[in-house]
Amino acid sequence: MTQEEALNIITSALEPESLTPLQIKVFQGAWNMLSYEKIASELSHDYSYITDVGTDLWKLLSQKLKIKVSKVKLHSALARYAQQEQMRNLSSSSQGNRVDWGEAPDTSQFCGRQAQLNILEQWIVQGNCRAIAITGMGGIGKTMLVARLTQQLADKGMFDVVVWRSLRQAPPFTDFLTELIRAISPEQSLPLRLDAMIRQLLEQLRHHRCLLILDNVEAVMQDGKLVGTYQPGYEDYGWLFQQLGAGRHQSTILLTSREIPAEVAIGQGLTSPIRLLRLKPLSSEAGKIILAAKGLTFPGEQAQVKELIKRYRGNPLALKTVATPIKELFNSKIVAFLAQEALLFTEIRELLTQQFNRLSSLERQVMHWLAINREPVTAAQLQADTIPSVSLLKLRDALVSLDRRSLIEKIKLPSKPTTKMKLDCVSYTQQPLVKEYVIEKLVEQVSQEVEQAKIIDLRSHVLLKVQAEDVRGMQMQQIVQPILTRLIEVQGGSENLNQLLKVQPSAKIYLLAKRGRIPTIELWNIQLGSLHLFACILERVLALAFRVIEPEVNWISFVAFSFREQCLGNEDGTVKLQDLQRYTRPVVSISFNPQENLLVSSGFEQTVNLWNLLTKIALVTLQALRSPIPVAFAPEGKMLVSSSKDGTICLWDSFTGNCLKVLSVERPYAEANISGVTGLTDAQKKMLRLASAIQL
């Protein structure tokens, strides 16, 4: 309830009497939670005089409204009076028209949204709209807005029949349709066939001017699919919505949903009989009223109040939820609450979980990437991030679906008209509340993956990206650090975590699988307790998470990890370990010995190089028989193994550099020329070529 609405209630109740200008000023000050001393100062009156005016005013209002009114409980008293008046109006309006309120909520605490109320009433009264969908994320106030609108329309007697039904429990379609028809015309018999039932409903909507409210439409949609997909067996709801919007009748159907139904998304338009209203954040003034109604006072904190409302994007349910802990845990100090930068509470977390659980796999991945990026990014940037890669069409569909769920925010960028599909004309981000929730879920999931050695999200998401330094710092603080802290706590200390990671090769395998045409990797120094993590836990666990742009490096061809150092083999022929360099052609394989004081590397130059990691000097260059590809140390570290494309395997003494043995399989067709041989099928020739035969 706004200050203006409260004054209107009082003015109506006092008629033919009225408040004096001074009484109005005192009422307004009290409504805005100002003390008598503050009111007296602003009005240039004595404190005692203003106190007397206020005392007389509360007595007058108590007599006229027939309820106890005081300065302290002014909001709650007028809300209770408005609720009583609403029930009286419902009783009187239902005497002339049939009104079935079903599960409609009480609207005595409703405030703000006057502009949206005006738009909706205009669409119904002047635009003769047949179907209107009111959508927005959970808690934004869809149901309350429609309940207030319905009350206004019912009070004006604009409809013969008003029926409110909630789909929260996802009733079977036939049961729902049967109940709806009987609510409109109780005396009519029902046909057996479904198509006949829908025709009968449309006929009722033509004969009577009805207002039907279908609340929580998202309940009949399917989880795990893109928005607009109905649950198996509930597809007829889509047929009904399409018929209600497209059919000829004089009634109006209001739908509330966290997701935009496909039938509405397709049929809605500025001049169409089907309209869509996407609820935006509540205004700052309305947000203040909600906080005040919960007993939260904020003298001298007007800027902080606006920041609080902004962080929660004017979500009424979120503001109601957060008001109590601010009052009880932070002594009503909003600035202290904002300083701890945690927005989630149990009720809000549960609300977001309901919506997050409905997402498809690709939608979840996009949500993770948006949270990791923190800053707005284009779809083209998201496509570059996504692993495995997805087509432009699939990514576009996922973004459209998330937009229709009100889980992402769009920022339009300047662009030139083009006939090609572009994904860089709009950038996407998340509101702070959603972003914090997604990060929390990602931290939880990645931590569990490391603990259980089942790498999924860690394999497909980079947890730190090179952007502005402050953004990367936030990524470290809100993503990487919580993961490390949780792992250390669960494992009972950093040393135990160190041992866990050493015996979980799966994490390392997935890291190595991510080498390829990507920028290089940045090393991080992190000190946690007594364990010095130099690209250690982060190397083995956090999936090539540290990308930096180095123009001289085109791509990484191989990565090896050590609990002491990190080494990269690059296309430019360098082995990056404090600039170890020996090759002029690409490096294709590197490996540490078990003691991690030696490194072996190989490239296309038919050599194997052995490095001392303490001195950063190449100990020896081994001349391989043929171009070596993979190289590795034997488990005890005394022997090296290299392989070549020709199928040979060389065993080397890692101390002397001598070739101990060359292993190869006998190949009777090696270098045999089959160019002029006749009588061979194509398949046979192919098999011979695979056996090293030559066909010129």
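Residues numbered from 1 in each chain as written. Predicted model: local features only at pLDDT ≥ 70, side-chain atom pairs only at ≥ 80, totals over all residues. Heavy atoms only, no water.

Novice: Quick question: what am I supposed to make of the overall build of the protein here?
Specialist: From N to C terminus, the protein includes 26 helices and 25 strands. For the protein, with 696 residues in total, the buried portion stands at 51%. Across the protein, the fraction of contacts at a sequence separation of at least 24, relative to all contacts at a separation of at least 6, is 61%. As displayed, the protein has an accessible area near 33200 Å², and 52% of this comes from carbon and sulfur atoms. (Helix = DSSP H or I, 4+ residues; strand = E, 2+ residues; numbered from the N terminus. Buried < 20%, exposed > 50% of the residue type's maximum accessible area, 1.4 Å probe, protein only. Contact = heavy atoms within 4.5 Å. Areas by Shrake-Rupley, 256 points an atom, 1.4 Å probe, with all protein chains shown as cover.)

Novice: Before we go on, may I ask you to explain the sheet that holds strand β5 (residues 252-257) in this structure?
Specialist: For sheets, the rule is that strands pair by backbone hydrogen bonds, running either parallel or antiparallel. Strand order in the open sheet made by the 6 strands is β1-β3-β4-β5-β2-β6, with parallel pairing throughout. Edge strands, defined here as strands with exactly one partner in the open sheet, are β1 (98-100) and β6 (274-278). Within this sheet the neighbouring strands show an average axis-to-axis angle of 15 degrees, counted without direction. As judged from the 5 bridges shared by strand β2 (residues 131-135) and β5, these two strands associate in the parallel manner. What sits directly across from I134, in β5, is T256. (Pairing = 2+ DSSP bridges. Axes fitted to C-alpha atoms, helices over the stretch in contact; angles between N-to-C directions.)

Novice: Quick question: what am I supposed to make of unusual backbone geometry here?
Specialist: At M33, a residue that is not glycine, the phi angle is positive and equals roughly 65 degrees. Along the chain, the position of M33 falls in the loop between α2 (21-31) and α3 (36-43). Phi angles above zero are rare outside glycine, and N128 is one such case at about 50 degrees.

Novice: How do you make sense of the nonpolar core when you look at a structure like this?
Specialist: Proteins that are soluble and globular tend to have nonpolar side chains buried together. Counting residues in hydrophobic clusters, the biggest one holds 58 residues, and the most contacted among them are L291, Y312, V366 and M367. Residue contributions to this core peak at 8 residues, all from helix α20 (residues 432-452). Both domains that meet at this core, namely domain 3 (284-349) and domain 4 (359-413 + 425-511), each give it at least three residues. Sequence-distant contacts of V366, defined by excluding residues within four places in its chain, comprise L382, L395, A398, L399 and L402. Counting residues in hydrophobic clusters, the runner-up holds 36 residues, among them A131, A133, I198 and V264. (Core = buried A, V, L, I, M, F, W, Y, C linked by side-chain atoms within 4.5 Å. Domains from an automatic or database assignment.)

Novice: How should the pattern of salt bridges be read in this particular structure?
Specialist: Close approach of charged atoms allows side chains with opposite charge to pair. Applying the stated criterion to the full structure yields 19 salt bridges. The salt bridge partner of R349 is E440, with a shortest N-O separation of 2.8 Å. Of this pair, R349 sits in helix α16 (residues 346-356) while E440 is found in helix α20, placing the two residues 91 residues apart along the sequence. Residue R405 is joined to E363 by a salt bridge in which the shortest nitrogen-to-oxygen separation is 3.0 Å. Here the residue R405 occupies a position in the loop between α19 (392-404) and β8 (409-412), and E363 occupies one in helix α17 (residues 361-373), the gap between them amounting to 42 residues. Of the two residues, R405 and E363, both sit in the buried class. (Salt bridge = Lys/Arg side-chain N within 4 Å of Asp/Glu carboxyl O.)

Novice: What am I meant to see in α16 here?
Specialist: An α-helix turns once per 3.6 residues; consequently, residues spaced three or four apart project the same way. For α16, the set of buried residues is I348, L351, L352, Q355 and F356. Taken end-on, α16 shows its buried residues confined to a sector of 135 degrees, consistent with a single buried face. (Arc of directions from axis to C-beta.)

Novice: When you look at the sheet that holds strand β7 (residues 377-378) in this model, what are you seeing that I'm missing?
Specialist: In space, the 3 strands of this open sheet follow the order β7-β9-β8, with antiparallel pairing throughout. Both outer strands of the open sheet, β7 and β8, are each paired with one neighbouring strand and no more.

Novice: Explain the packing of aromatic side chains here, please?
Specialist: Given two aromatic rings, one states the distance between the centres and the angle between the planes to describe the pair. For the coordinates displayed, the defined rule picks out 8 aromatic pairs. Between F330 and F337, the ring centres sit 5.5 Å apart and the planes meet at 80 degrees, which makes this aromatic pair edge-to-face. Residue class for F337 comes out buried when judged on its relative accessible area of 1%. With a centroid separation of 6.0 Å and an interplanar angle of 15 degrees, the aromatic rings of F337 and F345 are classed as stacked. The structure contains a cluster of three or more aromatic residues connected by ring pairs, namely F173, F176, Y234, Y237 and F241. Above the plane of the ring of Y36 lies K71, whose end atom (NZ or CZ) is 5.3 Å from the centre. (Phe/Tyr/Trp six-rings, centres within 6.5 Å; stacked < 30°, edge-to-face > 60°. Lys NZ or Arg CZ within 6 Å of the ring centre and 35° of its normal.)

Novice: Even after reading the chapter, I still don't get the side chain of R258, so can you show me in this structure?
Specialist: If you trace the backbone, R258 turns up in the loop between β5 and α11 (262-267). Every residue in contact with R258, bar those within four places of it in the chain, is listed here: G136, M137, G138, K142, E218, L351, Q354, Q355, R404 and R405.

Novice: Looking at this structure, I do not really get the pairing of strand β21 (residues 617-623). What am I missing?
Specialist: If a strand is regular, its side chains alternate between the two faces of the sheet. Sheet analysis places strand β20 (residues 607-612) next to β21, joined by 6 bridges and oriented antiparallel. Considered in β21, the bridge of W611 is made with A618. Hairpin connection from β20 to β21: 4 residues lie between these consecutive antiparallel strands, with K616 at a positive phi of about 60 degrees.

Novice: Explain the pairing of strand β23 (residues 639-644) to me, please; I cannot follow it from the model alone.
Specialist: Side chains L640, S642 and S644 of β23 all project onto a buried face; the interleaved residues M639, V641 and S643 project onto a face where none is buried. Relative to strand β24 (residues 649-653), β23 runs antiparallel, the two sharing 5 bridges. Looking across to β24, one finds that S642 is bridged to C650. Joining the antiparallel neighbours β23 and β24 is a turn of 4 residues, in which G647 adopts a positive phi near 95 degrees.

Novice: When you look at the environment of L244 in this model, what are you seeing that I'm missing?
Specialist: As for its position among the elements, L244 is in helix α10 (residues 235-246). According to the relative accessible area criterion, L244 is buried, its value standing at 3%. Between the alpha carbons of L244 and A131 there is a distance of 6.7 Å; along the sequence they are 113 residues apart. Residues in contact with L244, not counting those within four places in the same chain, are R130, L201, L202, L205, H249 and I253.

Novice: Looking at this structure, I do not really get α2. What am I missing?
Specialist: Residues of α2 that are buried: Q23, V26, F27, G29, A30 and W31. Following α2 by one or two positions, M33 adopts a phi angle in the positive range, close to 65 degrees.

Novice: Please clarify how the packing of α3 against helix α4 (residues 47-65) should be interpreted in this entry.
Specialist: Packed helix pairs are characterised by how far apart their axes lie and by the angle those axes make with each other. With their axes 9 Å apart at the nearest point, α3 and α4 run at an angle of 115 degrees to one another. As far as their axial angle goes, α4 and α3 are roughly perpendicular. Seen from above, α3 lies across α4 with right-handed handedness. Between α3, through Y36, E37, I39, A40 and L43, and α4, the contact on the second element is made entirely by Y47, I50, T51, G54, T55 and W58. Of the residues assigned to the contact of α3 with α4, the class counts are 7 nonpolar, 3 polar and 1 charged. (Parallel < 35°, antiparallel > 145°, perpendicular 65-115°, else oblique. Left-handed = near helix turned anticlockwise from the far one by under 90°. Nonpolar A, V, L, I, M, F, W, Y, C, P; charged D, E, K, R; others polar.)

Novice: Explain the confidence of the model for the protein to me, please; I cannot follow it from the model alone.
Specialist: Detailed conclusions should not be drawn from predicted coordinates in areas where pLDDT is low. Mean pLDDT over the protein works out to 77, with 77% of the residues at or above the 70 mark. The model gives residues 503-557 a pLDDT under 50, and that stretch makes 156 contacts with residues more than four places away or in other chains. In the model, residues 561-579 has pLDDT below 50 throughout and makes 89 contacts with residues more than four positions away in sequence or in other chains. (pLDDT = per-residue confidence, 0-100.)

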